[in-house]
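# Observations on the three-dimensional arrangement
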Amino acid sequence: MKRILTSSIIFLMAVMAASAQFKYCDASQFPVYGKATDKTEGRYERIPAELKDKVRAELVMLGSNSSGLYIRFQTNSTSIGAKWHSKFGTRFMHMADTGIRGLDLYVMTEKGWKTVGTAFPALSGEDNENSFVSNMTKENREYLMYLSLYDGVEDLQIRIDEDAAIAASSIESPESGKPIVMYGTSILQGGCCSRPGMAFTNIIGRKLDCEVINLGFSGNGRLDLEIAEVMAAVPDPSIYIMDQVPNCTDDMIRERGEKFFRILRDAHPDVPVIFIDDPHFGNYGFDIAFSNNIDKANSAQYELYKSLKKQGEKKIWYIKGMDMLGKDNEPFVDNVHYTDLGMMRYADYIVPVIKKRMLK
């Protein structure tokens, strides 16, 4: 008993000594990027508070997920960690907890942003604390922290060395002027990559050094006109990306597609709009009913595009999804949602189009 008690005291002393080496800095002192609006109920949410009584409950919940949001800061700390609260404790069978509820840290290097570590969420419960990186040299570096993709983040604290300094970022990267605004489904929200930095919206932001606003809503990219109003209210967008087809029937597209587009166009007559079709998912060509639904939705989307062109719309483009992800059926978790490979292939496929068309 005495030996157990002594061991416990030594362990507690070690924990206290270790904790004394660190301090916690509230992340609210730094701006949040990737938001369509600052008028949200929570700091790390994506849709306006005023919409919470006006839209479907699913959109309210998904809008409180922090997908695509990030903060930037600089510090000379030799170690960096984080402590945060997840709103829902979300778990999926087909997606890693690190992507759902984790945080991702990138550091600026001579060759651009490079991943430096992922803070794993707790195995159970909603309170999380973990390390990104340790044992670095004591020199000032610029960091970018991506927030969780499929859960909400509250009370975010950055953990650094007790004697380290931390401050707002001194660089403008990704540039926050003229953001790319992307609308879509669970895939756009980040399903099902292994960590937040691998969501294709975040990959695109790093590749183009541009802020990207992620308005992906899992299972609910159904052309809700209220979300079009949110997109239209973004002050100075560089381009709109419409990637909602995986959640839409052909009837939805015919009923709401042009109405949704007109809200964007009326607010920003000169901002380019890119429409993207459904890709050929892993079971395309095998599951005949599934394949037929994809073909019908894609046809409706392309008919909308052709109709708008016929009406004289000039700043619109269309990306066919057939070969977007390759032909080997490898980039899927469940024949639909993307792995990290799928996210990279998607970004590589559409970045040249965005780069060519977006307003500077």
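The structure displayed is predicted, hence computed values, not measured ones. For every chain, the first residue of the written sequence is number 1, and numbering continues from 1 onward in sequence order. Thresholds applied to this predicted model are a pLDDT of at least 70 for local features of residues and 80 or more for the giving and counting of side-chain atom pairs; totals over whole chains, interfaces and linings are not thresholded and use all residues. Remark: hydrogens and water are excluded; side-chain values derive from all non-hydrogen atoms of the structure.

## Here's the deal with the sheet that holds strand β13 (residues 239–243)
Here we have 5 strands laid out as an open sheet, ordered β12-β11-β13-β14-β15, and parallel in their pairing. Each edge of the open sheet is held by one strand with a lone partner, namely β12 (210–216) and β15 (316–319). Adjacent strand axes in the sheet meet at a mean angle of 20 degrees, parallel and antiparallel pairs treated alike. Two strands form a pair only when DSSP identifies at least two bridges running between them. Numbered from the N terminus, helices here are DSSP runs of H or I no shorter than four residues, and strands are runs of E no shorter than two. Bridging between β13 and strand β14 (residues 273–276) involves 3 bridges; their strand directions are parallel. From the neighbouring strand, Met242 faces β14, where its bridge partner is Phe275. Seen against the sheet, helix α8 (residues 288–310) touches β13, β14 and β15 and runs at an angle of roughly 155 degrees to β15. To obtain each axis, a line is fitted to C-alpha atoms, and for helices this fit is confined to the stretch in contact; angles are then taken between N-to-C directions over 0 to 180 degrees. By definition in these notes, contact holds between two residues if any of their heavy atoms fall within 4.5 Å.

## Looking at the packing of helix α6 (residues 225–232) against helix α7 (residues 250–267)
Helices that pack against each other are described as a pair by the angle of their axes relative to one another and the distance between those axes. For the pair α6 and α7, interaxial distance at closest approach is 9 Å and the crossing angle is 20 degrees. In this view, α6 runs roughly parallel relative to α7, as classed from their interaxial angle. Considering the relative orientation of α6 and α7, their crossing is right-handed. Contacts from Leu225, Ile227, Ala228, Glu229, Met231 and Ala232 in α6 reach Arg256, Lys259, Phe260, Ile263, Leu264 and Ala267 in α7. Only Asp, Glu, Lys and Arg are considered charged in this grouping, and only Ala, Val, Leu, Ile, Met, Phe, Trp, Tyr, Cys and Pro are considered nonpolar; every other residue, Gly among them, is considered polar. Residues of the contact of α6 with α7, tallied by class, amount to 9 nonpolar, no polar and 3 charged. Small angles under 35 degrees read as roughly parallel and large ones over 145 as roughly antiparallel, with 65 to 115 read as roughly perpendicular and the rest as oblique. Should the near helix be turned anticlockwise from the far one by less than a right angle, the crossing is left-handed, and should it be turned clockwise, the crossing is right-handed.

## Things to note about the pairing of β15
Two elements, β14 and β15, share 4 bridges in a ladder whose sense is parallel. Opposite Phe275, over in β15, you have Tyr318 as the bridge partner. Handedness of a crossover is defined as follows: orient the strands so they point away from the viewer, and if the path from the first strand over the helix to the second runs clockwise, the crossover is right-handed. On the question of chirality, the crossover connecting β14 to the parallel β15 by way of α8 is right-handed.

## Digging into the sheet that holds strand β4 (residues 80–86)
Strand order in the open sheet formed by 4 strands is β1-β9-β4-β7, with antiparallel pairing between adjacent strands. Each edge of the sheet is formed by a strand with only one pairing partner; in this case those strands are β1 (22–26) and β7 (127–133). Ignoring which end each strand starts from, the neighbouring axes of this sheet average 25 degrees apart. By the bridge criterion, 6 bridges tie β4 to β7 in an arrangement that is antiparallel. In the strand pairing of β7, Lys83 is matched with Glu129.

## Notes on a negative patch on the surface
A patch is a set of surface residues, each over 30% in relative accessible area and not in a salt bridge, joined within 9 Å for like charges and within 5 Å for the nonpolar side chains Val, Leu, Ile, Met, Phe, Trp and Tyr. To measure how exposed things are, a 1.4 Å probe is used in the Shrake-Rupley method; for residues, cover is taken only from the protein chains shown. What makes a salt bridge here is a side-chain nitrogen of Lys or Arg within 4 Å of a carboxyl oxygen of Asp or Glu, nothing more. We score Asp and Glu as negative and Lys and Arg as positive, and we do not count His or the chain ends. Charge positions come from single atoms, namely NZ of Lys, CZ of Arg, CG of Asp or CD of Glu. Taken together, the side chains of Asp26, Glu126, Asp127, Glu154 and Asp155 present a region of like negative charge at the surface. Considering the arrangement of structural elements, one finds Asp26 in strand β1.

## Let's talk about helix α9 (residues 340–357)
Take the residue count of a helix, subtract one, and multiply by 1.5 Å to get its expected span. In a regular helix each residue adds 1.5 Å, so 18 residues correspond to 26 Å; α9 covers 26 Å between its end C-alpha atoms and thus fits that length. Those residues of α9 lying buried are Gly342, Met343, Tyr346, Ala347, Ile350, Val351 and Ile354. Buried, partly exposed and exposed residues are distinguished by accessible area as a fraction of the type maximum, computed with a 1.4 Å probe on protein chains only: under 20%, between the cut-offs, and over 50%, respectively.

## Some points on the pattern of salt bridges
Scanning the entire structure with this criterion turns up 21 salt bridges. The salt bridge involving Arg91 is made with Asp97; its shortest N-O contact spans 3.0 Å. The class of Arg91 is partly exposed, set by a relative accessible area of 49%. Taking the relative accessible area as the measure of exposure, Asp97 reaches 18% and is therefore buried. Connected through salt bridges with shared partners, the residues Glu41, Glu45, Lys52 and Lys87 form a single ionic network.

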